[in-house]
Amino acid sequence: MNYLHDLNAAQLEAVQYTEGPLLVLAGAGTGKTKVLTHRIAHIIEQGKAGPHNILAVTFTNKAAKEMQERISQITQSYGLNLGTFHSVAAKLLRQYANFFDLSPSFTIINADDQVKLVKSLMVERGIDTSTYAPKVILSIISRWKDMGLLSGKVTEQDASSRPYQIALDIYRSYQTRLVQSNAVDFGDLLLYNNELLLNNPDILEMYQQKFKYILIDEYQDTNVVQYSWARMLAKQHGNLCCVGDDDQSIYSWRGAEVGNILRFEKDFAGAKVIKLEQNYRSTTPILQAAASVIQNNKHRHGKTLWTERGKGDPVRIVSCWNDKEEARFVTSEIMRLMNDKTPANEIAILVRAGFQTRPFEEALIANAIPYKIIGGLKFYDRMEIRDLLSYIRVALNLQDDLALERIINVPKRAIGDTTVKSIKAYARENNLSMFGAIEKMLELGLVKNKLGEALGILVRQFHAWGQRYQKERPADVTKGILEDSGYMAMLKEEKTDESRGRLENLNEMLRAIADFENIAAFMEHTSLVMDHDGEPDARGYVSLMTLHASKGLEFDAVFLPGWEEGVFPHQKAITEEGAKGLEEERRIAYVGITRAKKWVCITHAESRRIFHEFVNSLPSRFIAEIPPGSSLRSSSKGGSMSYRPESFTKRVVAPQSQKTGSEDSYRAGRRVNHASFGAGIIVRHSSDNLEIAFDKVGMKTIKKDFVQLV
DNA sequence: CGTTTTTGCCTTTTT
DNA sequence: GGCAAAAACG
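Residues numbered from 1 in each chain as written. Chains lettered and ligands numbered in written order. Predicted model: local features only at pLDDT ≥ 70, side-chain atom pairs only at ≥ 80, totals over all residues. Heavy atoms only, no water.

Q: When you look at the overall build of chain A in this model, what are you seeing that I'm missing?
A: Scanning chain A from N- to C-terminus turns up 28 helices and 23 strands. In terms of overall dimensions, chain A is globule-like: its C-alpha atoms have a radius of gyration of 28 Å, near the 27 Å expected for 710 residues. By its C-alpha atoms, chain A is 80 × 70 × 55 Å across when sized along the principal axes. Taken over 710 residues, chain A has a buried fraction of 54%. The distance from the centre of the 91 positive side-chain charges to the centre of the 87 negative ones in chain A is 2 Å. (Helix = DSSP H or I, 4+ residues; strand = E, 2+ residues; numbered from the N terminus. Rg over C-alpha atoms; globule rule 2.2 N^0.38 Å. Buried < 20%, exposed > 50% of the residue type's maximum accessible area, 1.4 Å probe, protein only. Lys, Arg positive; Asp, Glu negative; His and termini not counted. Charge placed at Lys NZ, Arg CZ, Asp CG, Glu CD.)

Next up, the structure:
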């Protein structure tokens, strides 16, 4: 029983309350993982259920791995069903693949392939892809999947407007094509699972009996399908424990429904709710600042974090002229911290969007500070890796058109655009896969000479590789692919730094494959385990990442740059989602602040280069929500800052003085008048366009010429 | 017909 | 300041 000793009262209650539905509202840094791991260990230790009768799902592989390790430290847990939603779903679906006209070896396609498929379907039926972006159409389809809607269940009403009509049309053929290619996307993994249980009471009952205790981590991030799936599975025993924090729900754009966690007590009769409010991470001013921001949200359970850490430094809020100066300021502060013996890996810069990392990278490099971008370019997203994966995919599944198209002419083998188009046309006419079409065309002598020869070689090679995978070691066959295809030779020929790096990456992948029994297991791993690169615990590196990527992490010092209206909160979140979008932005701010153990420094720039024009913005409204009592405001624009090197003023003033008088008068904060929209205030401006918050009609983007200064 | 060069689009967050 | 699709080139 000694594993219960280091728990506080609320944590202990959550661990011991094993029977019936339970919602654990776990604020940032309150020991959420501890509760989950101890609870699982407790169920096993008490003999309530064996590991194989417990199901625990997380969102990230990292979380799953950490939980597994920590449980193993407490008790024997062999056979525990623990994994991400997607990996658990994939495992289950492979057993019932034939229910969905798939073979158990189906491929899981990634986002890139999804967009490509949607686009090619749109082009096929003559829909203009510049008016309706394939990405947008895909996101509509994905949201339907997240809501549990197969194309047949989408109603006329769901698809009333034009983009939705297009999306529905594409959705149907998209699914057909995926099935023909023996492939599923991420959304399908859960959607099909849900359908499986809905339509097959016998299968559902079997799993209901198997899983006596179900635990869900990060419950605030679940979508409708995940909710429905878990609810069905838990129905018989009713022992569903959901752990999450409504204030940290930041994935609505991926289909997550905050409503799931807000509705918990309604959905599960007799549910118990336990709040974890003692924070073990941050100082009081940090928690106060976070609380005063998040309390502006209407839709939340509401909880008050407190700490015994005691007083600490106030949250700093610093104004800068522009993005470059902001980066230099943050970098100089980082150097100061490192001089004061704060290790680099205890320092993080958290940005709203990926492109904001650039000025920081430049400043960090200029000052020789080692840094790592977390979650930026992923190992499996690299060109050469995706090429090799495509080769493997085709070798394993000749129907995988998307993969074949990617590598059909890599390395160059004289199979160009026109040939690919004719192959696709032939495939469509005869209802064949591309590979099938090539074989048929060769058989009928429709392609001749050099082209026929090149295609013939390719066909024979893929058959050979596929057969070799059946009996030989996967790493050997894969190496064979790289050699036989000429891919390796192509890179060796190039002899640039880049090509050498690519070769190194391919070798690393061969080494990774060597750890797997069979190639199918490796492919499952690559499609579901994406967090490979940039471990945040890397010693000696400052971490640079998006706020989203920072969830679950903690650092001594956290820098939060770019707190400007339009950047953060992001303009799109507000225009597209309105008040809901703003609340989510605020939760992102909350996540950012609560990553810090000792120091938070928020900065905003008055002018920022976005694309190739200067954009002026007002400070984020979230800054105004932080009370002076827990924060300290200053400016790096001149005057009082002691750490400000001479060069700052020189460089910073220059762009300002370059502006013409008339441009300058349209700056953020000025009131303007518009003939039809009335009075408003400029929120941001670029060379031609003004973003104006009108008193009556809300946000609009207006050309400068159409408004007058008041 | 296939390869090289140029243009034109960007950028919210990702299992 | 990057990468993919279209246009020009061979």
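Q: Any chance you could explain the protein's contact with DNA strand B here in plain terms?
A: Residues in contact with DNA strand B amount to 23 residues; listed here are only the nearest, Phe59, Arg352, Gly354, Thr419 and Lys572. When the atoms of DNA strand B within 4 Å of the protein are grouped by moiety, sugar and phosphate amount to 58% of the total. Residue arginine 254 places a side-chain N or O atom 3.4 Å away from a sugar or linking oxygen belonging to DNA strand B. At 3.0 Å, a side-chain N or O of asparagine 409 approaches a phosphate oxygen of DNA strand B. (Near = heavy atom within 4 Å. Polar contact = N/O pair within 3.5 Å; in protein donor to acceptor, adjacent residues only side chain to side chain.)

Q: Explain the pairing of strand S7 (residues 240–244) here, please?
A: When you tally the buried positions in S7, you get 5 out of 5 residues, the bulk of the element. A two-sided burial pattern is seen for S7, the buried positions comprising Leu240, Cys242 and Gly244 on one face and Cys241 and Val243 on the other. Where strand S6 (residues 213–216) meets S7, 3 bridges bridge the pair, whose relative direction is parallel. By the bridge assignment, isoleucine 216 is partnered in S7 with cysteine 242. Read as a crossover between parallel neighbours, the route from S6 over helix H10 (residues 224–234) to S7 is right-handed. (Pairing = 2+ DSSP bridges. Right-handed = clockwise from strand over helix to strand, strands pointing away.)

Q: So what exactly am I meant to see when it comes to the nonpolar core here?
A: Soluble globular proteins: nonpolar side chains tend toward being buried together. Residues Ile392, Leu404, Ile408, Ile423, Phe462, Met509 and Phe522 are the most contacted members of the largest nonpolar core, which totals 46 residues. One finds Leu55, Tyr96, Leu196 and Trp229 within the second-largest nonpolar core, a separate group that totals 44 residues. (Core = buried A, V, L, I, M, F, W, Y, C linked by side-chain atoms within 4.5 Å.)

Q: Is there a simple way to explain the confidence of the model for chain A in this structure?
A: The predicted coordinates ought not to be read in detail in places where the model reports low pLDDT. Within chain A, residue pLDDT values average 86, and 91% of them lie at 70 or more. In the model, residues 639–656 has pLDDT below 50 throughout and makes 23 contacts with residues more than four positions away in sequence or in other chains. Low pLDDT (under 50) marks residues 658–664, which in the prediction has 6 contacts with non-local residues, meaning those over four places away or in another chain. (pLDDT = per-residue confidence, 0-100. Contact = heavy atoms within 4.5 Å.)

Q: What's the story with the sheet that holds S7 in this structure? I'm lost.
A: Sheet strands associate in pairs through backbone hydrogen bonding, adopting either a parallel or an antiparallel arrangement. A sheet is described by the order of its strands in space; here 6 strands give the open sequence S3-S2-S6-S7-S1-S8, paired in parallel fashion. The outermost strands of the open sheet, each flanked by one partner alone, are strand S3 (81–84) and strand S8 (272–276). Between one strand axis and the next, the sheet turns through 15 degrees on average, direction left out of account. Most of the contacts of H10 go to S6, to which it runs at about 160 degrees, and overall it touches strand S2 (54–58), S6 and S7. (Axes fitted to C-alpha atoms, helices over the stretch in contact; angles between N-to-C directions.)

Q: I'm lost on the packing of helix H1 (residues 9–16) against helix H2 (residues 32–45) in this one. Help?
A: A pair of packed helices is characterised by two quantities: the angle between their axes and the separation of those axes. Two numbers describe how H1 lies on H2: the axes approach to 8 Å, and their chain directions differ by 40 degrees. Between H1 and H2, the angle falls in the class oblique. Relative to H2, the crossing made by H1 is right-handed. In this structure, H1 contributes Gln11, Ala14, Val15 and Gln16 to the contact, and H2 contributes Lys34, Val35, His38, Arg39 and His42. Class assignment for the residues of the contact of H1 with H2 results in 3 nonpolar, 4 polar and 2 charged. (Parallel < 35°, antiparallel > 145°, perpendicular 65-115°, else oblique. Left-handed = near helix turned anticlockwise from the far one by under 90°. Nonpolar A, V, L, I, M, F, W, Y, C, P; charged D, E, K, R; others polar.)

Q: Please clarify how the side chain of lysine 597 should be interpreted in this entry.
A: For lysine 597, the location among the structural elements is in strand S16 (residues 596–610). Exposure remark for lysine 597: the relative accessible area of 17% places this residue in the buried category. Within the structure, the side chain of lysine 597 is placed 3.3 Å from the side chain of glutamate 346, a separation counted as a polar contact.

Q: It is not clear to me how the packing of aromatic side chains should be interpreted in this structure. Could you clarify?
A: Geometrically, a pair of aromatic rings is defined through the distance of the ring centres and the angle of the planes. One pass over the structure, following the stated rule, counts 20 aromatic pairs. When the centroid spacing of 6.0 Å and the interplanar angle of 55 degrees are considered together, the rings of phenylalanine 85 and tryptophan 229 count as tilted. Taken together, the positions of phenylalanine 85 in helix H4 (residues 85–95) and tryptophan 229 in helix H10 put the pair 144 residues apart, joining distant regions of the chain. The same class applies to phenylalanine 85 and to tryptophan 229, which are both buried. (Phe/Tyr/Trp six-rings, centres within 6.5 Å; stacked < 30°, edge-to-face > 60°.)

Q: How do you make sense of the packing of helix H14 (residues 323–339) against helix H15 (residues 357–366) when you look at a structure like this?
A: The N-to-C vectors of H14 and H15 enclose an angle of 50 degrees; their axes lie 9 Å apart at closest approach. Comparing the axis directions of H14 and H15 gives the class oblique. As H14 runs across H15, the sense of the crossing is right-handed. Residues Asp323, Glu326, Ala327, Arg328, Val330, Thr331 and Ile334 of H14 pack against Pro359, Phe360, Ala363 and Leu364 of H15.

Q: Just checking my understanding: could you explain the side chain of lysine 145 for this structure?
A: You can see lysine 145 is positioned in helix H6 (residues 134–146). Sequence-distant contacts of lysine 145, that is, excluding residues within four places in its chain, are made with Tyr171, Tyr174, Gln175, Leu178, Asp185, Gly187, Asp188, Leu191 and Val225.

Q: Got a minute to help me understand the pattern of salt bridges in this structure?
A: A side chain with one charge can pair with a side chain of the opposite charge if their charged atoms come near. Considering all chains together, one arrives at 43 salt bridges under this definition. Its salt-bridge partner being glutamate 405, residue lysine 424 comes within 3.2 Å of it at the nearest N-O pair. Placement of lysine 424 in helix H18 (residues 417–429) and of glutamate 405 in helix H17 (residues 401–407) is noted, with a sequence separation of 19 residues between them. Using a relative accessible area of 23% as the deciding quantity, one classes lysine 424 as partly exposed. Take glutamate 405: its relative accessible area is 33%, and that puts it in the partly exposed class. One network of salt bridges, in which partners are shared, links Arg281, Glu346, Glu554, Asp556, Lys597 and Lys598. (Salt bridge = Lys/Arg side-chain N within 4 Å of Asp/Glu carboxyl O.)

Q: It is not clear to me how the state of the cysteines should be interpreted in this structure. Could you clarify?
A: As used in these notes, a disulfide is a covalent bond between sulfur atoms, one from each of two cysteines. Inspection of every chain in the model, using the stated rule, returns 0 disulfides. Of all cysteine sulfurs in the structure, the one in cysteine 242 sits closest to cysteine 241, which takes part in no disulfide; the separation is 6.7 Å. Residue cysteine 241 is classed as buried on the basis of its relative accessible area of 0%. Cysteine 320 takes part in no disulfide bond, and the closest cysteine sulfur, belonging to cysteine 601, lies 8.0 Å away. Exposure remark for cysteine 320: the relative accessible area of 0% places this residue in the buried category. (Disulfide = S-S within 2.5 Å.)

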